[in-house]
Amino acid sequence: MSDRFDPNLLYEKLMQTKNAVDKQHFQTSPEQVVQVKIRPDNNIAPAMFLPDPLIPGGYKANPVTIAAMRKDIFVAGDDEFADLEDITNCSRCNKELDRQFWYFCPYCEQKFDT
């Protein structure tokens, strides 16, 4: 079974997206590449990110949150992530999540139903 959030599949999907005048909606190359540093902190609540006072532009997050988040998040420029949105409720804790950002539930560590 393939991962529908595989970066290559997401790229293909976004490259097929057209805008209101039937032109390609997204660029084929990024205007800017940004790397975000995320430092583990057990005092942060699950699924939350707080600015890191030690790393400018960085964040702190619970280790479970870091493990659950996709490292290959495909950013579609300045536009929102609506084209890739996949809202679901966790089958264990019932929290609403957008699966495009997570490998598993960052609240209770439940694997997503396929």
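Located above this text is the structure these notes cover.
In this convention, every chain numbers its residues from 1, walking through the sequence in written order. Where local features are concerned, this predicted model is filtered to residues with pLDDT of at least 70; where side-chain atom pairs are given and counted, the filter is 80 or more; whole-chain, interface and lining totals use all residues. Water and hydrogen atoms play no part in the side-chain values, which are based on all heavy atoms of the structure.

### What to know about the overall build of the protein chain
Put simply, the test is: Helix and strand definitions follow DSSP, with helices as H or I runs of at least four residues and strands as E runs of at least two, each counted in order from the N terminus. Exposure classes here rest on a 1.4 Å probe applied to the protein chains alone. A residue is buried below 20% of its type maximum, exposed above 50%, and partly exposed in between. Residue exposure ignores everything except the shown protein chains as possible cover, and the areas themselves are Shrake-Rupley values with a 1.4 Å probe.
In terms of regular secondary structure, the protein chain is built from two helices and five strands. What you see in the protein chain, going N to C, is helices and strands ordered as α-β-β-β-α-β-β. Residues counted as buried form 30% of the 114 residues belonging to the protein chain. Here the protein chain has roughly 8,100 Å² of accessible surface; of this, 49% comes from carbon and sulfur atoms.

### Considerations on the sheet that holds strand β2 (residues 49-51)
Definition in use: Strands were regarded as paired on the criterion that DSSP finds at least two bridges between them. Each axis is a line fitted through C-alpha atoms, taken for helices only over the stretch in contact, and angles between the N-to-C directions span 0 to 180 degrees.
With mixed pairing, three strands are arranged side by side in an open sheet as β1-β3-β2. Where the open sheet ends on each side, the last strands, each with one partner, are β1 (38-40) and β2. Averaged over all adjacent pairs, the angle separating strand axes in this sheet is 35°, with direction ignored. In this sheet, strand β3 (residues 59-61) lies alongside β2 in antiparallel orientation, the contact comprising three bridges. Its bridge partner lying in β3, P51 is registered against Y59.

### A short note on the packing of aromatic side chains
To be explicit about the condition: When the centres of two rings from Phe, Tyr and Trp lie within 6.5 Å, Trp using its six-membered ring, the rings pair. Their planes under 30 degrees apart give stacked, over 60 give edge-to-face, and anything left gives tilted. Only when the NZ atom of a Lys or the CZ atom of an Arg is both within 6 Å of the ring centre and within 35 degrees of the ring normal do we say a charge sits over the ring.
All chains considered together, the criterion is met by one aromatic pair. With a centroid separation of 6.5 Å and an interplanar angle of 20°, the aromatic rings of F49 and W102 are classed as stacked. With F49 in strand β2 and W102 in the segment after β5 (96-98), this pair connects stretches of sequence that are 53 residues apart. The exposure class assigned to W102 is buried, which follows from its relative accessible area of 10%. Taking NZ or CZ as reference, K95 lies 5.0 Å from the ring centre of Y107, over its face.

### What to know about the environment of S91
To be explicit about the condition: Whether two residues are in contact is decided by their heavy atoms, any of which lying within 4.5 Å being enough.
Here S91 lies in the loop between β4 (87-89) and β5. Along the sequence, S91 and K111 sit 20 residues apart, while their C-alpha atoms lie 8.8 Å from each other. Beyond its immediate sequence surroundings of up to four residues, S91 is in contact with Q110 and D113.

### Description of a nonpolar patch on the surface
What counts, and what does not: Residues forming no salt bridge and having over 30% relative accessible area are the ones grouped into patches, like charges within 9 Å of each other and nonpolar side chains (Val, Leu, Ile, Met, Phe, Trp, Tyr) within 5 Å. One side-chain nitrogen of Lys or Arg within 4 Å of one carboxyl oxygen of Asp or Glu is enough to make a salt bridge.
On the surface, a cluster of nonpolar side chains totalling about 350 Å² of accessible area is made up of V34, V36, F49 and Y59. In this structure, V36 sits in the loop between α1 (7-15) and β1. Assessed through its relative accessible area of 44%, V36 is described here as partly exposed.

### So, the environment of R99
If you trace the backbone, R99 turns up in the segment after β5. Judged by its relative accessible area of 14%, R99 falls in the buried class. As a C-alpha pair, R99 and L84 span 15 residues in sequence and 9.1 Å in three-dimensional space. Setting aside residues no more than four positions away along its own chain, R99 makes contact with R4, F5, R70, D86, T88, F112 and D113.

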